[in-house]
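What follows is each chain in one-letter form.
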Amino acid sequence: YADPNATAIAHLKNAVTLAPDSSMSYTVLDSAYYRTNDIPAATEAYETAMSLIDSPDVGDYEFLITLYLNSQRYDDVREKSMEALDLYPDETSFVQYLADSYLQTGDTDKAVELIRELIAKDPDNAQYHLVLGTQLYQSVDEMTDEFGAKLAQIYDLGQAARSLRGAEKAQAEADIEALQAEADALEAEVNSLTDLSIEEIQAASDLDPQNPSIYNILGIIYQNRSALWFDKRNNTSDYDLADEYDATARELLQLSRQSYEKAVEFDPENRDYWRSLFQVYTTLGMTEEAEMALQKAEG
């Protein structure tokens, strides 16, 4: 049997040859290419469609930029996002695309600088602060995972070193010291970026105090930060330090609880928010509250 997508593409290529000024034909051709996962051809077709549209709307720009992102064409992402922002300055999705393009190429500083420039022009725009805070925090996730892995390595090496002697023990201790230095540097960077992220997201909540998604993001950040301290607790053999780490983790979890409670206050039908609250209540030993949150989460 003939491939229906290939047949459709052949017919559509004939159609655009006969009607080269039809943006609709190129849009449909783009969809056909996209279904076959031929992203370069889909992108070319949609670029032509965009050139034929008198006034491309937000969705047109978003779709083309997404195609560029899929192809890792980050310069094109930036160019088209700036063009879209000139036409639609209130659409923060284009700010996110710009920031993403810089983050994907490892230029976090440029992403942050860009959004800070937009904030300087419009300091009361809550969405700009939210985008900046969210972008800052995205770079924290991988570092947090790496930090947790290093803590586990340090703990395992420490346990193994107890049975070693002489040169082997000295080597293990040197390895632990090197890993600890790397972990300390990672933790400092994670804390710095997380602090900046929280600062921006709280600024967003001050400007838009009834936006549940802002409080949800804060809840996630505090919950993840708490998990980092629980990791530290679980990977130390010092009981006093373990108690300190546990106390810090629970303080942060209380901040997470308060943020999630704000989120459900403004969006009580959101099951994901209730699910997050259930997790936090359970960890904090708040049994009755956890049961109530679970009921809400399950509807």
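Structure: above.
Source: prediction; values computed, not measured.

Rules of the game
- Residues numbered from 1 in each chain as written.
- Predicted model: local features only at pLDDT ≥ 70, side-chain atom pairs only at ≥ 80, totals over all residues.
- Heavy atoms only, no water.
- Salt bridge = Lys/Arg side-chain N within 4 Å of Asp/Glu carboxyl O.
- Helix = DSSP H or I, 4+ residues; strand = E, 2+ residues; numbered from the N terminus.
- Buried < 20%, exposed > 50% of the residue type's maximum accessible area, 1.4 Å probe, protein only.
- Axes fitted to C-alpha atoms, helices over the stretch in contact; angles between N-to-C directions.
- Parallel < 35°, antiparallel > 145°, perpendicular 65-115°, else oblique.
- Left-handed = near helix turned anticlockwise from the far one by under 90°.
- Contact = heavy atoms within 4.5 Å.
- Nonpolar A, V, L, I, M, F, W, Y, C, P; charged D, E, K, R; others polar.

A. Main features of the pattern of salt bridges. Under the counting rule described, the total for this entry stands at 12 salt bridges. Here Glu 83 ties to Lys 80 by a salt bridge, and the two come within 3.4 Å at their closest N and O atoms. Highlighted residues: Glu 83 and Lys 80, both in helix α5 (residues 74-87), separated by 3 residues, approximately one helical turn. On the accessibility criterion, Glu 83 (31% relative accessible area) is partly exposed. Notably, a salt bridge pairs Asp 246 with Arg 250, separated by 3.0 Å at the nearest N-O pair. One end of the pair is Asp 246 and the other is Arg 250, both in helix α11 (residues 239-266) and 4 residues apart, which spans about a single turn. Each of Glu 47, Arg 73 and Asp 76 takes part in salt bridges that share partners, so that together they form one network.

B. Inspection of unusual backbone geometry at higher detail. Phi at Gln 72 is positive, roughly 60 degrees, even though this residue is not glycine. Of note, Gln 72 is situated in the loop between α4 (58-70) and α5. Looking at Gln 72, the relative accessible area reads 58%, which means it is exposed.

C. Representation of the packing of α11 against helix α12 (residues 271-283) in the model. α12 packs onto α11 with a crossing angle of 150 degrees between their chain directions and a minimal axis gap of 9 Å. The orientation of α11 with respect to α12, classified from their angle, is roughly antiparallel. For α11 against α12, the interelement crossing comes out left-handed. Here Arg 250, Leu 253, Ser 256, Arg 257, Tyr 260, Glu 261, Ala 263 and Val 264 of α11 lie close against α12, whose contacting residues are Tyr 273, Trp 274, Ser 276, Leu 277, Val 280, Tyr 281 and Thr 283. Considered class by class, the residues forming the contact of α11 with α12 number 9 nonpolar, 3 polar and 3 charged.

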